[in-house]
Amino acid sequence: MYEFASGVINIWEKRILSRNDQERMLTAPDKANAFLVLFDTDLGELTVGTEEIEKIFEKDLVALKAKLANILDDQGKLAAYLFLTFEVWNLKIALKELLLKGQAQSMEPFLCTLIPYQRLVTRVGQVWQKNQSVEDLLAERLTGGSECLERIMLLTQTELNQMGAIDSVAIETAVDKAYFQVKAQLAKKLSSFLVELVRLEIDVANIKSTVRQNGHSWFISGGNLKTQDIQKLLAHQGGETPEQNLAKFLEILNLSFLIEDFLKHKSEIFLEQGLQKFLSHRVLEKARNTACGLEKVLAFFHRKMNSHFNIRLILFAKDNNLSTVEIEKLLLPI
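Here we summarise the structure given alongside this text. No experiment lies behind these values; they were computed from the predicted model shown. (Residues numbered from 1 in each chain as written. Predicted model: local features only at pLDDT ≥ 70, side-chain atom pairs only at ≥ 80, totals over all residues. Heavy atoms only, no water.)

This brings us to unusual backbone geometry. Even without being glycine, Gln75 reaches a positive phi, approximately 60 degrees. Locating Gln75 in the fold gives a position in the loop between helix 4 (53-71) and helix 5 (77-99). In this model, Asn321 sits at a positive phi of 55 degrees, which is unusual for a non-glycine residue. Inspection of the secondary structure puts Asn321 in the loop between helix 15 (294-319) and helix 16 (324-328). With a relative accessible area of 72%, Asn321 lands in the exposed category. (Helix = DSSP H or I, 4+ residues; strand = E, 2+ residues; numbered from the N terminus. Buried < 20%, exposed > 50% of the residue type's maximum accessible area, 1.4 Å probe, protein only.)

Here you go:
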């Protein structure tokens, strides 16, 4: 199904930020010279008229979504899967504006979504005012046909209605639970590899949530690891025979090294980057073993997202005279 898309992506890959481009940015004498490297990539034409990197990335995401829509022949299912995270980001912002009445930190919504942000704000207000059933919610579908986002809204509302006081963390957790539940359902329609990947993403989210110890005991179901598995990892209980799911996860991730480093340095940043690197390596490795197909599209998307992160990090480092050696440890695979 994705043979044509794979062929097109083979061409696109030639212009995306390469390891050589990244090295040139790292060794550039200052931020201005590092920025010039972008003109040799597919971001070059988007830099016309602006040097604001976030605006450039936003243009790139909008363009990427449009280009993927033109080459994918699966009725938009994979694009919906890939960009659902941005829809969810905007939903979190809209919910905080509605339920916390300006108490939450102001954040910029993404433009690369099926639903324009102001239209989403209106829809969120309608849903929370009516407290609709799932049948009514999906029948109206005023947000432009995004059934996945409608389901996430409904599940989030149900979760929040069961809670006591609602704060920013409660909203984040409720939306994440709904997001992963809907994403897992969508993955089942597309690929067994995506099902595996979502389960690992849930594990990563639960590990990060447990590390933060934010006072909430919520746990997102659907991953490989149980609560006690994560607690054992963080307690670093050596010598024990792990349960089957935990043993499998350790085998894939070799998580013990990441946990050991976290416990030594207490750096959540390094732990989070290590977990993100793991997910990206899984995708890129799978794509290398597949000549074409869904994995090829998924790998390109990960490379694109990782290149955004790396560029942002390198430019920040250049602007603040940070050590290149330390920055390199945080770079994601491209």
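So, next bit.
Further remarks concern empty space enclosed by the protein. The tally for this structure, following the rule as stated, stands at one cavity of 30 Å³ or more. In this structure, the largest cavity spans a volume of roughly 30 Å³. Contributing to the lining of the largest cavity are Trp89, Lys92, Ile93, Lys96, Met107 and Glu172. Among the elements that make up the lining of the largest cavity, the one with the highest residue count is helix 5 (four residues). (1 Å grid on protein atoms, 1.4 Å probe; cavity = no way out; pocket = protein on both sides within 12 Å on 5 of 7 lines; lining within 4 Å. Points joined across faces, edges and corners; volume = space filled by probe spheres on them.)

How two aromatic rings sit relative to each other is set out by the distance from centre to centre and by the angle between their planes. Enumeration according to the criterion identifies seven aromatic pairs in this entry. On the basis of an interplanar angle of 65 degrees and a centroid distance of 4.7 Å, the ring pair of Phe86 and Phe110 is categorised as edge-to-face. Here Phe110 lies in the loop between helix 5 and helix 6 (117-130) and Phe86 lies in helix 5, a separation of 24 residues in the sequence. Judged by relative accessible area, which is 7%, Phe86 ranks as buried. Judged by its relative accessible area of 22%, Phe110 is partly exposed. (Phe/Tyr/Trp six-rings, centres within 6.5 Å; stacked < 30°, edge-to-face > 60°.)

It is worth spelling out the packing of helix 8 (residues 147-161) against helix 9 (residues 168-188) at this point. Contact geometry of helix 8 with helix 9 gives a least axis separation of 8 Å together with a crossing angle of 135 degrees. Taken as axis vectors, helix 8 and helix 9 run oblique relative to one another. Of the two elements, helix 8 crosses helix 9, and the hand of that crossing is right-handed. Facing helix 8, whose interface residues are Cys148, Arg151, Ile152, Leu155, Thr156, Glu159 and Leu160, helix 9 presents Ala170, Ile171, Ala174, Val175, Lys177, Ala178, Tyr179, Gln181, Val182 and Leu186. A breakdown of the residues in the contact of helix 8 with helix 9 according to their chemical character gives twelve nonpolar, two polar and three charged. (Axes fitted to C-alpha atoms, helices over the stretch in contact; angles between N-to-C directions. Parallel < 35°, antiparallel > 145°, perpendicular 65-115°, else oblique. Left-handed = near helix turned anticlockwise from the far one by under 90°. Contact = heavy atoms within 4.5 Å. Nonpolar A, V, L, I, M, F, W, Y, C, P; charged D, E, K, R; others polar.)

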